[in-house]
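Structure assessment
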Amino acid sequence: MSHASSTREIPAAGDVPRHVAIIMDGNGRWAKGRRLPRIAGHRRGVEAVRATVRGCAERGIEFLTLFAFSSENWRRPAEEVALLMQLFQAALSSEVEKLHKSGVRLKVVGDTTRFDPKIRRLIEQGERLTAENRQLTLTVAANYGGRWDIMQALSALLKDKKSVEAIDETALSPYLAMSYAPEPDLFIRTGGEQRISNFLLWQLAYTELYFTETLWPDFGAAALDEAIASYRRRERRFGRTSDQLQDAKRAEVA
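Presented here is a report on the structure given in the accompanying data block. Worth saying up front: this structure is predicted, and the values here are computed from it rather than measured. (Residues numbered from 1 in each chain as written. Predicted model: local features only at pLDDT ≥ 70, side-chain atom pairs only at ≥ 80, totals over all residues. Heavy atoms only, no water.)

What describes a pair of aromatic rings is the distance from one ring centre to the other and the angle between the planes of the rings. Per the counting criterion, the structure on display carries ten aromatic pairs. Here F69 and W74 contribute two aromatic rings whose centre-to-centre distance is 4.9 Å and whose plane-to-plane angle is 75°, an arrangement assigned as edge-to-face. Each of the two residues, F69 as well as W74, counts as buried. Seen in terms of ring centroids, F187 and F211 are 5.9 Å apart; in terms of plane orientation they differ by 70°. Their pairing is edge-to-face. Of the two residues, F187 sits in strand β5 (residues 186-189) while F211 sits in strand β6 (residues 208-211), which places them 24 residues apart along the sequence. According to the relative accessible area criterion, F211 is partly exposed, its value standing at 27%. (Phe/Tyr/Trp six-rings, centres within 6.5 Å; stacked < 30°, edge-to-face > 60°. Buried < 20%, exposed > 50% of the residue type's maximum accessible area, 1.4 Å probe, protein only. Helix = DSSP H or I, 4+ residues; strand = E, 2+ residues; numbered from the N terminus.)

Summarising burial for strand β2 (residues 63-70): seven of the eight residues are buried, a large majority. Pairing between strand β1 (residues 19-23) and β2: five bridges, direction parallel. Of the residues in β2, the one forming a bridge with H19 is F63. One ladder, built from seven bridges, connects β2 with strand β4 (residues 136-144); its direction is parallel. Bridging from a neighbouring strand, S70 pairs with Y144 of β4. (Pairing = 2+ DSSP bridges.)

Okay, the pattern of salt bridges next. All told, the structure shown has twelve salt bridges when counted by the stated rule. The closest approach of N and O atoms between R76 and E80, which form a salt bridge, is 3.2 Å. Judged by its relative accessible area of 31%, R76 is partly exposed. The class of E80 is buried, set by a relative accessible area of 10%. (Salt bridge = Lys/Arg side-chain N within 4 Å of Asp/Glu carboxyl O.)

This part takes up helix α5 (residues 146-161). Taking 1.5 Å of rise per residue, 16 residues should cover 22 Å, and α5 covers 22 Å from first to last C-alpha, within 8% of that figure. Buried residues of α5: G146, D149, A153 and L157, and no others. For α5, the arc enclosing every buried residue in end-on projection is 60°, short of the 170-degree limit, so these residues lie on one face. Opposite the buried face of α5, by more than 90 degrees, sit the exposed residues R147, M151 and K159. In this structure, the buried side of α5 is in contact with β4 and α6 (169-172). (Expected span 1.5 Å × (residues − 1). Arc of directions from axis to C-beta. Contact = heavy atoms within 4.5 Å.)

Okay, unusual backbone geometry next. Look at N198: it is not a glycine, yet its phi comes out positive at around 60°. Mapped onto the elements of the fold, N198 is located in the loop between β5 and β6. Residues other than glycine seldom take positive phi values, yet L200 does so here, at roughly 50°. Tracing the backbone shows L200 in the loop between β5 and β6.

This next bit is on helix α4 (residues 117-130). With 14 residues, α4 should cover 20 Å at 1.5 Å per step; its first-to-last C-alpha distance of 20 Å lies within 8% of that length. Among the residues of α4, I119, L122, I123, G126 and T130 are the ones counted as buried. For α4, the arc enclosing every buried residue in end-on projection is 105°, short of the 170-degree limit, so these residues lie on one face. Where α4 begins, the capping side chain belongs to D116, and its oxygen is found 2.7 Å from the backbone nitrogen of K118. (Polar contact = N/O pair within 3.5 Å; in protein donor to acceptor, adjacent residues only side chain to side chain.)

Structural data, given as structure tokens:
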């Protein structure tokens with residue numbers, strides 16, 4: 001199923017965001033503050049992922065997208081990248097069955113061709129095993145970049161259409177890596193930085209942005225609730241005026 005763009009149609013908005021996207025930042029600083037190696041922060045970050053998946057499912061959130069490894073993260077020290085790949089492989093090996101038992105569907109988006117064949121095989125197995133689950137769709141963005149996403153979508157579209165004459169949002173959207181999910185309602189970035197870092201550039205057009213100083217390993221149920229509370233206070237106009245929004249709400253009640 002392909003979802004409409006928020007710049008073309010006004011999506012339904014509720015008290016609980018349907019789709020939450022998170023940049024999980026601060027693992028290294030969490031470890032440094034405790035005089036631990038950076039990998040210790042990443043391991044603790046996996047525990048925060050478990051808690052957040054559970055918290056989102058309990059709160060009725062349908063889609064959770066986590067930025068695990070960007071296309072720019074290859075610039076990090078080779079030793080750290082190797083450890084991150086080992087941790088990703090270990091998490092896929094140990095967590096997929098638990099996700100399946102909890103009714104969670106796993107999706108991985110990004111250019112996975114650069115990953116070790118073992119990781120690619122685990123991704124394929126995990127996606128296949130959980131394909132029919134509907135409690136929550138957990139998307140892990142790995143070797144992903146927003147510009148890469150748009151370019152690969154355009155390339156695939158041109159390959160199919162053989163023409164540039166009729167390209168518009170409607171034509172391109174089905175080729176984006178996350179065409180199976182609605183655009184995020186709420187974007188969260190932990191760790192204090194306030195940028196989106198090439199994450200879901202197309203999809204975040206009308207997403208509510210929330211930044212917190214909390215480091216990712218410390219992000220739990222209370223921090224998630226704070227983000228959702230902030231989301232509830234937002235006025236999601238999608239280009240309309242406040243008066244139009246209030247008129248629409250009154251019409252719904254009537």
